[in-house]
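# Topology and contacts: notes
As a plain string of letters, each chain reads:
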Amino acid sequence: MSSGLRLMHVHAHPDDESSKGAASTAKYVAEGVDVHVVTCTGGERGSILNPKMDRPDVLANITEIRRQEMDRAREILGVRQDWLGFVDSGWPEGDPKPPLPEGCFALVPVEEAAEPLVRLIRDFKPHVMTTYDENGGYPHPDHVMCHKVSVAAFEAAGDPDRYPEAGEPWQPLKLYYHHSFHRERTQALHDAMVARGLESPYAERLAEWKPDPVHAARITTRVPCAEYFPLRDRALLAHATQIDPEGAWFACPLEVHQEAWPTEDYELARSLVDVETPEDDLFAGVREALATMKS
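From a predicted model like this one, the values you see are computed outputs, not experimental measurements.

### Considering the side chain of H257
- Of note, H257 is situated in helix 11 (residues 254-260).
- Residue classification places H257 among the buried positions, given a relative accessible area of 6%.
- One polar contact links H257 to R185, side chain to side chain, over a distance of 3.4 Å.
- With near-sequence residues (within four places) excluded, H257 lies in contact with R185, L189, F229, R232, C252 and P262.

Okay, structure coming up:
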């Protein structure tokens, strides 16, 4: 049954929708929320990270294969999904790093790149949007660009003077940034594994990862969704070129993860409704505002 609520996730590549916020997505879908995933690029330049998929035939057809993977993940999560149509910028390596490829997403002017997203926002009319913070979650050029485009579109979509040919104005009420992979969570998973006599894959990383209380304080919203972690994992595995079933994504046993860190975490970046933080619901304040409007 539809709740009448609408949620839009804006991601850089196919697989990001499954590695960031997928369990809370599944939770909201189960509650009747209409969820729309926007994928900015086709992931054409993404590395093949699953050894079993690192084959010449896969590499030769990577664009189509990554679209097929997205189709499977979309069906598993129960969302609708659209492509913005930009080309993956790749991950530049070297010192100094080489210039980005001509025509890639990260080199498109933000004003231009925001137009198709504004069009989708005005068509879908989300109450809440999510994207990445100003660092992209991690500094991939496409993730940083996804942040810029999402913020620009959030701010422009409700303005009748901006992109007047992109549909009737619609203003989303809240904008969140994903904080999926932060130190507090990683420490909790590590401690839980050690307590159970399991070998933790996080020890070396934690030794080099200095606590950052300022960054940790940015998390405002923790959505309980542990019961949907199995569905999240199924969506992840649909991206077979990116996810190794025997790799780091699944190093922490499911039941340990569910007990040690049962939430997915966000930062409330913009809100046009009254809220009190901390929150446990992306629609906190929105539900009340919509109920007031109806009454």
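### Examining the packing of helix 4 (residues 62-77) against helix 10 (residues 229-238)
- Relative to each other, helix 4 and helix 10 sit at 165 degrees, their axes nearing to 8 Å. Taken as axis vectors, helix 4 and helix 10 run roughly antiparallel relative to one another. The crossing of helix 4 and helix 10 is right-handed. Residue-level contacts link E69, R72, A73, I76 and L77 of helix 4 to L231, R234, A235 and A238 of helix 10.

### Some points on the environment of A152
- Looking at the element boundaries, A152 is found in helix 6 (residues 141-156).
- Remark: the alpha-carbon pair of A152 and E64, spanning 88 residues in sequence, is separated by 29 Å.
- Look past the residues within four positions of A152 in its chain and what remains in contact with it is V110 and A114.

### Regarding the environment of D57
- Following the sequence through the fold, D57 ends up in helix 3 (residues 56-60).
- In terms of polar contacts, D57 uses its side chain to reach the side chain of R55, at 3.1 Å.

### Focus: the nonpolar core
- Counting residues in each nonpolar core, the largest one holds 31 residues, and the members touching the most others are M8, V10, F105 and L117.
- Ranked by the residues each element gives to this core, the list is headed by helix 6, at eight residues.
- Beyond its immediate chain neighbours, meaning those up to four positions away, V10 contacts V38, C40, L117, M129, T130, T131, Y132, C146 and S150.
- Core analysis: the next-biggest nonpolar cluster, separate from the first, contains 21 residues, L173, Y176, V223 and L282 among them.

### Points about the packing of aromatic side chains
- Per the stated rule, a full pass over the model turns up five aromatic pairs.
- Centre to centre, the rings of W91 and Y138 are 5.7 Å apart; their planes meet at 35 degrees, and the pair counts as tilted. Of this pair, W91 sits in the loop between strand 3 (80-86) and helix 5 (110-124) while Y138 sits in the loop between strand 4 (128-131) and helix 6, placing them 47 residues apart in sequence.
- Residue classification places Y138 among the partly exposed residues on the basis of a relative accessible area of 38%.
- On the basis of an interplanar angle of 65 degrees and a centroid distance of 5.7 Å, the ring pair of F181 and W249 is categorised as edge-to-face. With F181 in the loop between strand 5 (174-178) and helix 7 (183-195) and W249 in the loop between helix 10 and helix 11, this pair connects stretches of sequence that are 68 residues apart.
- A residue is classified by how much of its surface remains accessible, and F181, at 37% relative accessible area, is partly exposed.
- The ring of W83 has R67 sitting right over it, with the charged end atom 4.3 Å from the ring centre.
- The ring centre of F229 lies 4.3 Å from the NZ or CZ of R232, which sits over that ring.

Each value, and the rule that gives it
- All residue numbers refer to positions counted from 1 along the written sequence of the respective chain.
- Where totals are concerned, whole chains, interfaces and linings use all residues; where local detail is concerned, this predicted model gives features only for residues with pLDDT of at least 70, and gives and counts side-chain atom pairs only at 80 or more.
- Derived side-chain values reflect all non-hydrogen atoms in the structure, with water molecules and hydrogen atoms excluded from consideration.
- Numbering of helices and strands starts at the N terminus; helices are DSSP runs of H or I of at least 4 residues and strands are runs of E of at least 2.
- Partly exposed residues are those whose accessible area sits between 20% and 50% of the maximum for their type, while under 20% is buried and over 50% is exposed, using a 1.4 Å probe and protein chains only.
- Two N or O atoms form a polar contact when they lie within 3.5 Å of each other; inside protein one atom must be a possible hydrogen donor and the other a possible acceptor, and for residues adjacent in sequence the pair counts only when both atoms belong to side chains.
- Contact between two residues is taken to exist if any of their heavy atoms lie within 4.5 Å; hydrogens are not considered.
- Angles shown run from 0 to 180 degrees and are taken between the N-to-C directions of axes, each axis being a line fitted to C-alpha atoms and, for helices, limited to the stretch in contact.
- Angles are sorted into four bins: roughly parallel if under 35 degrees, roughly antiparallel if over 145, roughly perpendicular if 65 to 115, and oblique for all others.
- Crossings are classed by handedness, with left-handed meaning an anticlockwise turn of the near helix from the far one by less than a right angle and right-handed meaning a clockwise turn.
- As used in this record, nonpolar core signifies buried Ala, Val, Leu, Ile, Met, Phe, Trp, Tyr and Cys residues forming a set joined through side-chain atoms within 4.5 Å.
- Between rings of Phe, Tyr and Trp, where Trp is taken as its six-membered ring, a pair exists when centres lie within 6.5 Å; planes separated by under 30 degrees are stacked, by over 60 edge-to-face, and by other angles tilted.
- Any Lys NZ or Arg CZ found within 6 Å of a ring centre and within 35 degrees of that ring's normal is scored as a charge over the ring.

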